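# Geometric and topological summary
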Amino acid sequence: MAGLLLLAAALVPRRAAAEATEALPAEAHAISRSASASRDAPVLEYAYGPRAQLSLGGTVGLLRVPRAVSFHLALGALAAFENAQQDGPLPDELGRLVIDLDTSWSLDCWAPRALGAGAAVELGTGLGFERARELRGSEA
């Protein structure tokens, strides 16, 4: 973990004098993962019909270094439950746990010029752990 933080610090460009590194920033990424259609997006979600599905997760920003190419470090977690065969309203058959450490670089200097005002481009990598298991035995 310490090695990953040192590598991330080495890859971040030199800080401009007027910009300061921010610990525990309000936004974990330049582009929020909650806008993603991915099943692993860390959001609160419940769906029913015909199979129940419940996801609960979030991302916490650990570090933000604002620059022409801003650096973000974040920790995310997701717990997801779903039914594979049952038609009940509560998901109790399958469960997944996802925990990840993300690093991302947002191209703040390039995106607005190339794509217009308000545009954002973010490149990232993640290191994580995912575990899935059956919560109850299948009934034959």
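Before any of the text, the structure's been laid out above.
The structure presented is a predicted model; accordingly, all values stated were derived computationally and were not measured. (Residues numbered from 1 in each chain as written. Predicted model: local features only at pLDDT ≥ 70, side-chain atom pairs only at ≥ 80, totals over all residues. Heavy atoms only, no water.)

For the protein chain, the helix and strand inventory stands at two helices and six strands. Going residue by residue from the N terminus, the α and β elements of the protein chain occur as α-β-β-β-β-β-α-β. Counting across all 140 residues of the protein chain, residues that qualify as buried make up 26%. Counting contacts in the protein chain only where the partners sit at least 6 residues apart, residues at least 24 apart contribute 63% of the total. A total accessible area of about 8,900 Å² is found for the protein chain, and carbon and sulfur atoms account for 61% of it. (Helix = DSSP H or I, 4+ residues; strand = E, 2+ residues; numbered from the N terminus. Buried < 20%, exposed > 50% of the residue type's maximum accessible area, 1.4 Å probe, protein only. Contact = heavy atoms within 4.5 Å. Areas by Shrake-Rupley, 256 points an atom, 1.4 Å probe, with all protein chains shown as cover.)

Right, let's get into the nonpolar core. Of all hydrophobic cores here, the largest spans five residues; its members are Val 65, Phe 71, Leu 73, Leu 101 and Trp 105. Broken down by secondary-structure element, the contributors of at least two residues to this core are strand 4 (70–82) and strand 5 (94–106). (Core = buried A, V, L, I, M, F, W, Y, C linked by side-chain atoms within 4.5 Å.)

Residue placement: Arg 96 occurs in strand 5. Polar side-chain contacts of Arg 96 include one of 2.8 Å to the side chain of Glu 130. (Polar contact = N/O pair within 3.5 Å; in protein donor to acceptor, adjacent residues only side chain to side chain.)

Glancing now at the pattern of salt bridges. Note on pairing: side chains with opposite charge can pair once their charged atoms come close. Under the definition given, this model contains three salt bridges. One salt bridge in this structure joins Arg 51 and Asp 87, with 2.1 Å as the shortest N-O distance. Taken together, the positions of Arg 51 in the loop between strand 2 (45–47) and strand 3 (53–65) and Asp 87 in the loop between strand 4 and strand 5 put the pair 36 residues apart, joining distant regions of the chain. In this structure Asp 87 comes out as partly exposed when scored by relative accessible area, which is 46%. (Salt bridge = Lys/Arg side-chain N within 4 Å of Asp/Glu carboxyl O.)

What follows concerns the side chain of Asp 102. Tracing the chain through its elements places Asp 102 in strand 5. In contact with Asp 102, not counting residues within four places along its chain, are His 29, Arg 33, His 72, Leu 73, Ala 74, Thr 125 and Gly 126.

With that settled, the discussion passes to the environment of Gly 126. Structurally, Gly 126 is set in strand 6 (residues 122–134). Overall, the relative accessible area of 56% leaves Gly 126 in the exposed class. Measuring from C-alpha to C-alpha, the distance between Gly 126 and Thr 103 comes to 6.2 Å, with 23 residues separating the pair along the chain. The contact partners of Gly 126, leaving out residues within four places of it in the chain, are Leu 101 and Asp 102.

With the rule as written, the count across this model stands at one cavity of 30 Å³ or more. The computed volume of the largest cavity comes to approximately 50 Å³. In terms of lining residues, the largest cavity is bounded by Arg 33, Asp 40, Pro 42, Gly 58, Gly 76, Ala 77, Leu 78, Val 98 and Asp 100. Broken down by secondary-structure element, the contributors of at least two residues to the lining of the largest cavity are strand 4 and strand 5. (1 Å grid on protein atoms, 1.4 Å probe; cavity = no way out; pocket = protein on both sides within 12 Å on 5 of 7 lines; lining within 4 Å. Points joined across faces, edges and corners; volume = space filled by probe spheres on them.)

What follows is about the packing of aromatic side chains. All told, the structure shown has one aromatic pair when counted by the stated rule. Taking 5.6 Å as the distance between ring centres and 55° as the angle between the ring planes, the aromatic pair formed by Phe 71 and Trp 105 counts as tilted. Pair noted here: Phe 71 is in strand 4 and Trp 105 is in strand 5, with a separation of 34 residues, a long-range link. With a relative accessible area of 2%, Phe 71 lands in the buried category. (Phe/Tyr/Trp six-rings, centres within 6.5 Å; stacked < 30°, edge-to-face > 60°.)

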